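Chain by chain, the residues:
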Amino acid sequence: MTELPDRVVGDARTSDFGWDLLTDLADIGNRMAGQAGERRGAERVVEAYEAAGLRNAGLEEFEIPGWWRGDSSLAVTGPGPDPVERTHEGSHAVIALPGTPAGEVEAPLVDVGTGTVEEFEAVAEDLDGAIAMASSRTPDEADRWIHRMEKYVNAAERGAVGFVFRNHLEGALPPTGEIGYHNRPGPIPAVGVSKEVGERLARLAEDVEGESEGATDRPTVSIAVDCRNEPTTSVNAVADVGPDTDEAVLLTAHVDAHDISDGANDNGAGSALVAEVGRLLATVEDDLDTRVRLITFGAEEIGLWGAYHAAETTPHEEIKCVVNLDGACNSRNLRVSYNEFEPMRRVFEAVTDDLGAPLSTGSTISPHGDQWAFAQEGIPAVMASTTSEQSGRGWGHTHADTLDKLDRRDLAEVAIQVAEATVRFADAGTSVPHKSRAAIRESIDEGYVTELKTGGRWPY
C-alpha cells in the first residue's frame, strides 16, 4: 500500500509543473558552473519552489574554481610514407574538457584503449612526451566504472603531454567532462573527440604496429586549447517542506550542466523532479513526521562543489538521509545506487513493489555524484537515476543531451516513485542509521581507492 493518496498520484500524472520547469531549464542554454546561466537556472528553481508553496526558498552562494571554454582544435599527421594532415576544429568536432589548461602541444599519439591500469602499464615506456588517447568505454570485465578523470590523471602522471578522450558511442558527438585534477587546472591540455574521429586516430596508431605496409612512425597529433580558469561563485537553490524539525531528509539534484547542450537529462530533469516532488509533498505536508530539505546543487559537474558546501555547513546529525537524483528521466525504470546503506535499498524496493514498478540496484560505494559528499562521511545517501538501452552516459555530456530525448510521462512516474520513497524516509518509524567515516573508508572498493588517491581526491 502506498502512503501517497490517489489524488496526489493523479495530480502527478496530469500536472505540467515539473515538465514546464524542465523545459525552462533546457531553454536557458549554457548552465555551466559559475556562469550566468547556472544562476538563472537556480533562480528558476527557486521560483518553482515558491509557486509550490514551499518555505525558506532561496539561494546559498559559495566560491568555486570556474572554467570558461574557448576554441579548440586537433590535427593529426601520418604515419606513412606520404602522410596527410587532417584537422578537426569547431565545437562539434573537438571540445576541451573542463579543468584543462590552455595551451598547444604536438607529440606522437599513443592509444591506451579503454584506459585501464593494465593498458596504461602496457604502453608506459611510450607515454613519456606523447599524447595519450583513451576511450570513454569501460570494459565489460571491469568490476567498476573507470572514470575519465582517472584516465586523464594516469596519462599525466606517466609523462603524457596531452590527453584525448574519445567517445565509444556512434553519432559524431565529442564527449565533455571535468578532468578531475585536485589542484585545478590540470597539468596537460585535454580534449574530447567523437567515436568516428577517435576510430581514425586509433587506426593510425595501430599502423605503427606494422598492420599497414609502409608505416614508419607514430602519428603526430597537435592539440590547441583556448580557455580560462578563474575563481567565481556558484549557488545552491534550497527550500523546506514538512514540520519544522531539526532533522531533515535531503532530496537533491544538481542544476548546472555542461555548456555544450541543454543538459536536459543531466541534470535539468533532476532539478525539475526535486521541485515537483516538493510540490507533491506540500499537499500532504501535515502527514510528514520529518522536515524534507530540497537542494538543487550548483557546480556538480566540476567537482561536487555545491554538495560539499551543503555537507560542510549542515550538522551531520541533522541529516537523516539523502536521496540524490541525477540522470533520472531517460525512462521510468528506476535505478538506485545505495552505497551499502541497506535500509535505504529496502525502502526503495518496498516502494517499487507497491507501485508495480521496475527497480535495479547497485551496492558499490561510488565517489561519482553529489551523494558522495555525504556518503563519505557516513551519512546514508543514495543516487537515483533511470536506465535505458544506451551504454554508459548515452547522450549525456554531449551536444545531444536535449529535451527531445525525454518524455513527460517518465518524469511523472519517477516523481511518484521518489515522492513515495521520500514520505517513507520522513516517517518517524523508518530508521536509517549513520555509519562512521572509518566504516565507509574500509568498505570502498580497492579500485575506487586507487582512483580517488590518483589526482589527490582521497578524503580520508
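Criteria and thresholds
- Residues numbered from 1 in each chain as written.
- Predicted model: local features only at pLDDT ≥ 70, side-chain atom pairs only at ≥ 80, totals over all residues.
- Heavy atoms only, no water.
- Helix = DSSP H or I, 4+ residues; strand = E, 2+ residues; numbered from the N terminus.
- Buried < 20%, exposed > 50% of the residue type's maximum accessible area, 1.4 Å probe, protein only.
- Contact = heavy atoms within 4.5 Å.
- Polar contact = N/O pair within 3.5 Å; in protein donor to acceptor, adjacent residues only side chain to side chain.
- Pairing = 2+ DSSP bridges.
- Salt bridge = Lys/Arg side-chain N within 4 Å of Asp/Glu carboxyl O.
- Expected span 1.5 Å × (residues − 1).
- Phe/Tyr/Trp six-rings, centres within 6.5 Å; stacked < 30°, edge-to-face > 60°.
- Core = buried A, V, L, I, M, F, W, Y, C linked by side-chain atoms within 4.5 Å.
- pLDDT = per-residue confidence, 0-100.
- Patch = residues over 30% accessible without salt bridge, like charges linked within 9 Å, V, L, I, M, F, W, Y side chains within 5 Å.
- Areas by Shrake-Rupley, 256 points an atom, 1.4 Å probe, with all protein chains shown as cover.
- Lys, Arg positive; Asp, Glu negative; His and termini not counted.
- Charge placed at Lys NZ, Arg CZ, Asp CG, Glu CD.
- Axes fitted to C-alpha atoms, helices over the stretch in contact; angles between N-to-C directions.
- Parallel < 35°, antiparallel > 145°, perpendicular 65-115°, else oblique.
- Left-handed = near helix turned anticlockwise from the far one by under 90°.
- Nonpolar A, V, L, I, M, F, W, Y, C, P; charged D, E, K, R; others polar.

Caption draft 1: Structural detail: the overall build of the chain. When helices and strands are counted, the chain shows 14 helices and 14 strands. Its C-alpha atoms put the chain at 75 × 45 × 40 Å along the principal axes. Classification of the 460 residues of the chain by burial places 60% in the buried group. Expressed as a percentage of contacts within the chain between residues at least 6 apart in sequence, the contacts between residues at least 24 apart total 83%.

Caption draft 2: View of the environment of His 368. Note that His 368 resides in the loop between β13 (359-362) and α11 (372-375). Separated by 257 residues in the primary sequence, His 368 and Asp 111 have C-alpha atoms spaced 25 Å apart. His 368 has contacts with Trp 145, His 147, Met 149, Met 383, Tyr 448 and Glu 451, leaving out every residue within four places of it along the chain. Within the structure, the side chain of His 368 is placed 2.9 Å from the side chain of Glu 451, a separation counted as a polar contact.

Caption draft 3: Region of the structure containing the pairing of strand β8 (residues 220-241). As paired strands, strand β1 (residues 55-77) and β8 are joined by 19 bridges and run antiparallel to one another. Bridge assignment links Val 76 to a residue of β8, and that residue is Val 221. Taken together, the 6 bridges between strand β4 (residues 103-111) and β8 define a ladder with antiparallel strand orientation. Across the sheet, the residue bridging to Glu 104 is Ala 224, located in β8. Where β8 lies against strand β10 (residues 291-297), 5 bridges are found, and the strand directions are antiparallel. Considered in β10, the bridge of Val 241 is made with Val 292.

Caption draft 4: The arrangement of the pattern of salt bridges in detail. Under the defined criterion, the tally for this structure stands at 29 salt bridges. Among the ionic pairs, Glu 199 bridges to Arg 166, the shortest N-O distance being 3.8 Å. Here Glu 199 is found in helix α7 (residues 195-211), whereas its partner Arg 166 is found in strand β6 (residues 162-166), with 33 residues between them in sequence. Classification of Glu 199 as partly exposed rests on a relative accessible area of 40%.

Caption draft 5: Expanded view of helix α8 (residues 264-282). Helix length check: α8, at 19 residues, gives a terminal C-alpha distance of 25 Å against a target of 27 Å (1.5 Å per residue), a fit within 8%. Burial of α8 is extensive: 18 of the 19 residues sit out of reach of the surface.

Caption draft 6: Fine view of the pairing of strand β5 (residues 131-135). Counting buried positions along β5 yields 5 of 5 residues, so the element is predominantly enclosed. Along β5, one buried face is formed by Ile 131, Met 133 and Ser 135 and the opposite face, lined by Ala 132 and Ala 134, is buried too. Taken together, the 3 bridges between β4 and β5 define a ladder with parallel strand orientation. Bridge assignment links Leu 109 to a residue of β5, and that residue is Ile 131.

Caption draft 7: How the structure looks around the packing of aromatic side chains. Enumeration according to the criterion identifies 5 aromatic pairs in this entry. Ring geometry for Phe 163 against Phe 165: centres 6.3 Å apart, planes inclined by 20 degrees, an arrangement best described as stacked. You'll find Phe 163 and Phe 165 in the same group, each marked buried. With a centroid separation of 5.0 Å and 70 degrees between ring planes, the pair formed by Trp 458 and Tyr 460 is classed as edge-to-face.

Caption draft 8: Representation of unusual backbone geometry within the structure. Residue Asn 267 is reached from Asp 266 by a cis peptide bond, and omega for that bond is 5 degrees. Within the fold, Asn 267 resides in helix α8. Non-glycine residue Leu 304 carries a positive phi angle of around 60 degrees. For Leu 304, the position within the fold is in the loop between β10 and α9 (305-313).

Caption draft 9: Representation of helix α6 (residues 148-157) in the model. Where burial is concerned, most of α6 is hidden: 9 out of the 10 residues are buried. Every buried residue belonging to α6 is among Arg 148, Met 149, Glu 150, Lys 151, Tyr 152, Val 153, Asn 154, Ala 155 and Ala 156, and all of these are buried. On its buried side, α6 packs onto α4 (117-122), β5, β6, β7 (190-193) and α14 (446-453).

Caption draft 10: Up close: the nonpolar core. Membership of the largest hydrophobic core comes to 90 residues, with the highest contact counts inside it found for Tyr 49, Leu 251, Val 292, Phe 374 and Phe 425. Among the elements that take part in this core, helix α12 (residues 408-426) stands out by supplying 10 residues, more than any other. For Tyr 49, the residues in contact, after removing those within four places along its chain, are Leu 54, Ala 57, Ala 237, Val 238, Ala 239, Val 274, Ala 275, Leu 294, Ile 295 and Thr 296. Ranked by size, the runner-up nonpolar core spans 28 residues in total, among them Ala 33, Ala 107, Ile 131 and Val 197.

Caption draft 11: Geometry of the environment of Tyr 152. When you line up the elements, Tyr 152 lands in helix α6. In the structure, Tyr 152 is positioned 144 residues away from Val 8 in sequence and 47 Å away in space, judged by C-alpha atoms.

Caption draft 12: Up close: the confidence of the model for the chain. Across the chain, pLDDT averages 93, with 95% of residues at or above 70. Here residues 210-216 is modelled with pLDDT under 50, and outside its nearest four sequence neighbours on either side it reaches 8 contacts, counting other chains as well.

Caption draft 13: Representation of a negative patch on the surface in the model. There is a patch of like negative charges on the surface, built from Glu 3, Asp 286, Asp 287, Asp 289 and Asp 427. Residue Asp 289 is classed as partly exposed on the basis of its relative accessible area, which comes to 39%.

Caption draft 14: Fine view of the side chain of Asp 410. Following the sequence through the fold, Asp 410 ends up in helix α12. Classification of Asp 410 as buried rests on a relative accessible area of 11%.

Caption draft 15: The packing of α8 against α12, seen in detail. At a minimum axis distance of 9 Å, the contact between α8 and α12 shows a crossing angle of 55 degrees. Classified by the angle their axes make, α8 and α12 are oblique. Pair α8 / α12 crosses with right-handed handedness. Facing α8, whose interface residues are Ala 269, Leu 273, Glu 276, Val 277, Leu 280 and Leu 281, α12 presents Leu 411, Val 414, Ala 415, Val 418, Ala 419, Thr 422 and Val 423. Of the residues assigned to the contact of α8 with α12, the class counts are 11 nonpolar, 1 polar and 1 charged.

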